[in-house]
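This is what each chain is made of:
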Amino acid sequence: MPTQRVFSGIQPSGIPQLGNYLGAIRHWVRLQSDYSCLFCLVDMHAITVWQNPEELRHHTLTQAAVLLASGIDAQKHILFNQSAVFAHARLGWIFNCITRLGWLNRMTQFKDKTGKDRENYSSGLYVYPNLMAADILAYKATHVPVGEDQKQHLELTNDIAQKFNHDYSVAFFPQVKPLIPPTAARIMSLRDGTKKMSKSDPSSQSRIDLTDDADTIRLKIRRAKTDTAPLPDHSNDLTERPEAKNLVSIYAALTNTTIDHVLETYQGKGFSVFKEDLTEVVINAIVPIGQEAIRLLKNETYLLEILRNGADRASTLANPVVSEVEKIVGFLS
Ligand code: AMP
Ligand code: TRP
């Protein structure tokens, strides 16, 4: 029986795209055989930047449907939306009072997101990492699968755990370990090979949504930016060709091989041939997931029931932990 606990979260701030699948979702699916897992749709994190309420609702359900369609087992493991489990907000507040401003000021994601316009962002975005720490520590999770970009937030989680233990002289919270996939595919925009593929990119042509049908995928790949040179025989020769490199990495990631191995087959060939084959690989991997997700989305009651059941089981795990924290802090119980 697996005893180590995995917690991971994904923001329902758009339709999940190919980068989410290759960088996160398919690793989550694999982790299910070695850990007991909680997968959380972090709607409270999503509203740190403006979300249209109708869209937030739709994106949360779509995210749930895509995870189930990808092979997340909501019976053996736990799938739920964050706002349905009050423990996150309760512990998040306490962590707001543990974290020092200096620690938050060092968070590169906040600086990157807000740039020179910092004053106009929500205070929620600033304390975002405290809520993320609460997500994880409310379950005393031991392992957290994340992309490279979230590593700093996990270090902060460990700092918060340590300071809490120190300030209250307890050995309560464990240290958590990031699980960063060894071949962490970083999938880039189809329109600009230097930008990450993102569900919040204003151009829908820049990404492949997991709910795209075969014709849409065909068109997006045909239109994807490339250059005129044929494919080289070694990955080193792709460093100055970000768009070409991205398409080859997508092919490699989906066929579970390396860029160099893909180039063995395609060296000297032009993009018309390569794009045709890539299209088939993407369609075979993605379309069955998309179709199943769309089928699940037609039954909203079923999805709501799965999430409600997940939230009930998550609350059963988190409530005793957070009640104990509140007792340690000195709140009346
Ligand atoms: P986000 O869409 O930013 O909420 O990210 C959710 C998860 O998907 C995180 O674990 C990210 O690291 C991963 N992810 C998002 N976009 C990409 C991408 N373009 N390439 C690889 N992983 C990604
Ligand atoms: N910050 C994460 C991201 O943007 C999402 C997230 C929220 C998360 N809470 C978490 C990830 C807890 C792992 C564990 O990708």
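The shown structure was predicted, so the numbers you read here are calculated from the model rather than taken from an experiment.

Novice: For this particular structure, what's the right way to read the overall build of the protein chain?
Specialist: Scanning the protein chain from terminus to terminus reveals 14 helices and 5 strands. Along the first, second and third principal axes, the C-alpha atoms of the protein chain reach 70 × 45 × 40 Å. Relative to its full complement of 333 residues, the protein chain shows a buried share of 51%. Across the protein chain, contacts joining residues at least 24 apart in sequence account for 76% of those joining residues at least 6 apart. Surface summary for the protein chain: the accessible area is close to 16100 Å², and the carbon and sulfur share equals 51%. Across the protein chain, the 36 positively charged side chains and the 36 negatively charged ones have centroids separated by 3 Å.

Novice: Where do I start with the pairing of strand 2 (residues 36–41) in this structure?
Specialist: Strand residues, when the strand is regular, have side chains that alternate between the two faces of the sheet. For strand 2, the tally of buried residues reaches 5 of 6 residues, placing the bulk of the element in the interior. Of the pairings in the sheet, the one linking strand 1 (residues 5–10) to strand 2 comprises 6 bridges and is parallel in character. Along strand 2, the bridge assignment pairs R5 with S36. Crossover strand 1 to strand 2 through helix 1 (residues 18–31) is right-handed. Judged from the 4 bridges that link them, strand 2 and strand 3 (residues 78–81) form a sheet pairing that is parallel. By the bridge assignment for strand 3, L38 is matched with I78.

Novice: What exactly am I supposed to notice about the domain arrangement of the protein chain here?
Specialist: It is common to report an interface's size as the accessible area lost on association of the parts. When the domains of the protein chain are assigned, the result is domain 1 (5–179 + 300–329) and domain 2 (204–295). For domain 1 versus domain 2, the distance between C-alpha centres works out to 31 Å. Between domain 1 and domain 2, the contact holds 14 residues from the first and 13 residues from the second. Three residues, L18, Y21 and A69, lead the burial of domain 1 against domain 2; their summed loss comes to 41% of the area buried on that side. For the pair domain 1 and domain 2, the number of links is 0 salt bridges. Counting the contacts that link domain 1 with domain 2 gives 4 residue pairs in polar contact (both at pLDDT 80 or more). Looking at the side of domain 1 that touches domain 2, the elements with two or more residues in it are helix 1 and helix 3 (53–70). The greatest single-element share of the side of domain 1 that touches domain 2, amounting to 6 residues, is contributed by helix 1. A breakdown of the residues in the side of domain 1 that touches domain 2 according to their chemical character gives 9 nonpolar, 3 polar and 2 charged.

Novice: It is not clear to me how the site of ligand 2 should be interpreted in this structure. Could you clarify?
Specialist: Of all residues adjacent to ligand 2, which total 13 residues, the nearest are G9, Y128, M132, D135 and Q150. In this structure, a nitrogen atom belonging to ligand 2 sits 2.6 Å away from a side-chain N or O atom of Y128. Mapped onto the shell around ligand 2, the elements with two or more residues apiece are strand 1 and helix 8 (128–137). Ranked by residues supplied to the shell around ligand 2, first place goes to helix 8 with 4 residues. Considering only residue class, the shell around ligand 2 consists of 7 nonpolar, 5 polar and 1 charged.

Novice: I would appreciate a short explanation of the nonpolar core in the present structure.
Specialist: As a rule of thumb, nonpolar side chains are buried together in soluble globular proteins. If you look at the biggest cluster of nonpolar residues, it comprises 59 residues, and the most contacted ones within it are L79, I217, V248, I250, F274, L278 and V282. Element by element, the count of residues in this core is highest for helix 13 (residues 271–297), at 11 residues. Two domains each provide a minimum of three residues to this core, namely domain 1 (5–179 + 300–329) and domain 2 (204–295). Discounting chain neighbours no more than four positions away, the residues touching I250 are L18, I187, L190, L278 and V282. V85, M132, F173 and V321 belong to the second-largest nonpolar core, a separate cluster that totals 44 residues.

Novice: For this particular structure, what's the right way to read unusual backbone geometry?
Specialist: Working note: non-glycine residues mostly have negative phi, and peptide bonds are mostly trans. The residue K140 is not glycine, and still its phi comes out positive at about 45 degrees. By the secondary structure assignment, K140 is in the loop between helix 8 and strand 4 (143–145). You will see that N256, though not glycine, has its phi angle at about 55 degrees, which is positive. Structurally, N256 can be placed in the loop between helix 11 (242–254) and helix 12 (259–266). Note on N256: relative accessible area 57%, which makes it exposed.

Novice: Got a minute to help me understand the side chain of T48 in this structure?
Specialist: Along the chain, T48 turns up in the loop between helix 2 (43–46) and helix 3. When near neighbours in sequence (up to four residues on either side) are disregarded, T48 contacts S122, G124, L125 and Y128.

Novice: I'm lost on the packing of helix 11 against helix 13 in this one. Help?
Specialist: When two helices pack together, you describe them by how their axes are tilted relative to each other and by the distance separating the axes. Viewed as axis vectors pointing N to C, helix 11 and helix 13 meet at an angle of 40 degrees, and their least axial separation amounts to 10 Å. With respect to each other, helix 11 and helix 13 are oriented oblique. When the axes of helix 11 and helix 13 are compared, the crossing they make is left-handed. Contacts between helix 11 and helix 13 involve A244, L247, V248, I250, Y251 and L254 from the first element and F271, F274, K275, D277, L278, V281, V282 and A285 from the second. When grouped by side-chain class, the residues that make up the contact of helix 11 with helix 13 number 12 nonpolar, no polar and 2 charged.

Criteria and thresholds
Residues numbered from 1 in each chain as written. Chains lettered and ligands numbered in written order. Predicted model: local features only at pLDDT ≥ 70, side-chain atom pairs only at ≥ 80, totals over all residues. Heavy atoms only, no water. Helix = DSSP H or I, 4+ residues; strand = E, 2+ residues; numbered from the N terminus. Buried < 20%, exposed > 50% of the residue type's maximum accessible area, 1.4 Å probe, protein only. Contact = heavy atoms within 4.5 Å. Areas by Shrake-Rupley, 256 points an atom, 1.4 Å probe, with all protein chains shown as cover. Lys, Arg positive; Asp, Glu negative; His and termini not counted. Charge placed at Lys NZ, Arg CZ, Asp CG, Glu CD. Pairing = 2+ DSSP bridges. Right-handed = clockwise from strand over helix to strand, strands pointing away. Domains from an automatic or database assignment. Buried area = accessible area lost by both parts, 1.4 Å probe. Salt bridge = Lys/Arg side-chain N within 4 Å of Asp/Glu carboxyl O. Polar contact = N/O pair within 3.5 Å; in protein donor to acceptor, adjacent residues only side chain to side chain. Nonpolar A, V, L, I, M, F, W, Y, C, P; charged D, E, K, R; others polar. Near = heavy atom within 4 Å. Core = buried A, V, L, I, M, F, W, Y, C linked by side-chain atoms within 4.5 Å. Axes fitted to C-alpha atoms, helices over the stretch in contact; angles between N-to-C directions. Parallel < 35°, antiparallel > 145°, perpendicular 65-115°, else oblique. Left-handed = near helix turned anticlockwise from the far one by under 90°.

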